[in-house]
Amino acid sequence: MGLAEDRVVIVTGAGRGLGRAHALAFAAEGARVVVNDLGVSLDGLPGPDGPAAAVVAEIRALGGEAVAHGGDIATTGGASSLVECALDTFGRLDTLVNNAGFLRDRMLVNLDEDDWDAVMRVHLKGHFLPLKHAAAHWRAEAKAGREVAARVVNTSSGAGLLGSVGQGNYSAAKAGILGLTLVAAAEMGRYGVQVNAIAPAARTRMTEQAFAETMAAPAAGAFDAMAPENVSPLVVWLGSDASAGVTGRVFEAEGGRITVMQGWRPGPTADRASRWTPSEAGTAAAKLLSEAEPAWPVYGGR
């Protein structure tokens with residue numbers, strides 16, 4: 001029995017990179033997988049050589065069960081059809097892994113509005129809409145008296161945690177995913193849904209050029225710390241029954257390292273129980289900063 005035996009799992013952006021690694025890892029643990037990727041066909045469905053269809057073929061060749069979905073999950077129709085695909089094909093939905101995304105990197109003064117909107121759309125809206133439709137299904141199941149043990153794994157980034165120079169749009173979108181994760185975990189827990197996020201570091205189409213030196217493959221025989229397959233075991237665990245009780249948390253995953261990220265927490269505080277003048281507020285803030293832990297640097301900053 002695998003860790004995800006008989007669970008039905010959706011993975012978005014699963015045609016390549018991290019998504020493909022997650023889909024294969026879930027299938028290896030017994031899950032039936034809906035492999036979502038927009039693909040290259042003019043009608044928005046995976047073609048015979050499309051990335052989603054290719055991953056489905058890999059899973060089936062290894063004895064697993066999978067189906068391709070080529071809809072645009074940043075639209076209401078695409079997101080709702082994604083959930084319907086799981087229900088129509090496999091009769092249930094247990095886990096949603098939101099992973100789809102791309103980059104349009106620019107310094108802020110060179111960042112076009114279209115590049116901002118496109119990155120926000122695929123990352124933030126592309127997380128919200130599948131989550132909304134999956135959550136509506138699970139809430140209906142719970143209200144009908146059926147037991148729900150659902151899991152959602154969202155994909156943020158170190159850029160969302162700390163910021164990244166030249167990635168203002170991507171950093172903002174990935175930070176938004178963290179907020180969405182916390183709210184969804186709080187709202188959906190009563191219905192048996194757990195929601196967590198990962199901030200992975202791995203070699204993908206998004207990173208192998210932007211961070212070429214860091215993402216370079218190692219010498220033959222050495223541990224490949226940047227292989228996307230290193231991240232998937234944590235995702236599979238979070239997406240399985242074994243993670244019962246874990247929700248509203250964020251994990252960094254890179255190579256052989258897993259870190260629980262602890263996020264914003266109150267630090268040094270001053271309260272005079274009356275209004276400050278600007279000068280007094282500045283004096284108090286400077287004193288508090290001297291007592292606080294130094295801020296972590298932004299990726300790519302000096």
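Residues numbered from 1 in each chain as written. Predicted model: local features only at pLDDT ≥ 70, side-chain atom pairs only at ≥ 80, totals over all residues. Heavy atoms only, no water.

Peer 1: So what exactly am I meant to see when it comes to the nonpolar core here?
Peer 2: The nonpolar side chains of soluble globular proteins are, as a tendency, buried together. If you look at the biggest cluster of nonpolar residues, it comprises 29 residues, and the most contacted ones within it are Val11, Ala23, Phe26, Val33, Val35 and Ile59. Of all the elements in the fold, those that place two or more residues in this core are strand S1 (8–11), helix H1 (17–28), strand S2 (32–36), helix H2 (51–61), helix H8 (232–238) and strand S7 (250–254). With five residues, the top contributor of residues to this core is H1. The contact partners of Val35, leaving out residues within four places of it in the chain, are Val11, Ala14, Ala23, Ala52, Val55, Val56, Ile59, Ala66, Val67, Ala68 and His69. (Core = buried A, V, L, I, M, F, W, Y, C linked by side-chain atoms within 4.5 Å. Buried < 20%, exposed > 50% of the residue type's maximum accessible area, 1.4 Å probe, protein only. Helix = DSSP H or I, 4+ residues; strand = E, 2+ residues; numbered from the N terminus. Contact = heavy atoms within 4.5 Å.)

Peer 1: How should I be thinking about a nonpolar patch on the surface in this particular structure?
Peer 2: Where nonpolar side chains cluster on the molecular surface, the patch consists of Met107, Val109, Val165, Val298 and Tyr299 and spans about 480 Å² of accessible area. On the accessibility criterion, Val298 (37% relative accessible area) is partly exposed. (Patch = residues over 30% accessible without salt bridge, like charges linked within 9 Å, V, L, I, M, F, W, Y side chains within 5 Å. Areas by Shrake-Rupley, 256 points an atom, 1.4 Å probe, with all protein chains shown as cover. Salt bridge = Lys/Arg side-chain N within 4 Å of Asp/Glu carboxyl O.)

Peer 1: So what exactly am I meant to see when it comes to the sheet that holds strand S4 (residues 95–97) here?
Peer 2: The pairing of strands in a sheet comes from backbone hydrogen bonds and takes either a parallel or an antiparallel form. Read from one edge to the other, the open sheet built from eight strands follows the order S3-S2-S1-S4-S5-S6-S7-S8, with strand pairing classed as mixed. Two strands bound the open sheet, and with one partner strand each, they are strand S3 (65–69) and strand S8 (257–261). Sheet twist, expressed as the average angle between the axes of neighbouring strands with direction ignored, equals 20°. As defined by bridge partners, strand S6 (residues 193–201) adjoins S7 across five bridges and the pair is classed as parallel. Paired with Ala199 across the two strands is Glu252, which belongs to S7. The sheet strands contacting helix H3 (residues 76–90) are S1, S2 and S3, and the helix crosses S3 at an angle near 155°. Of the strands in this sheet, strand S5 (150–155), S6 and S7 touch helix H6 (residues 168–188), which is tilted by about 160° from S6. (Pairing = 2+ DSSP bridges. Axes fitted to C-alpha atoms, helices over the stretch in contact; angles between N-to-C directions.)

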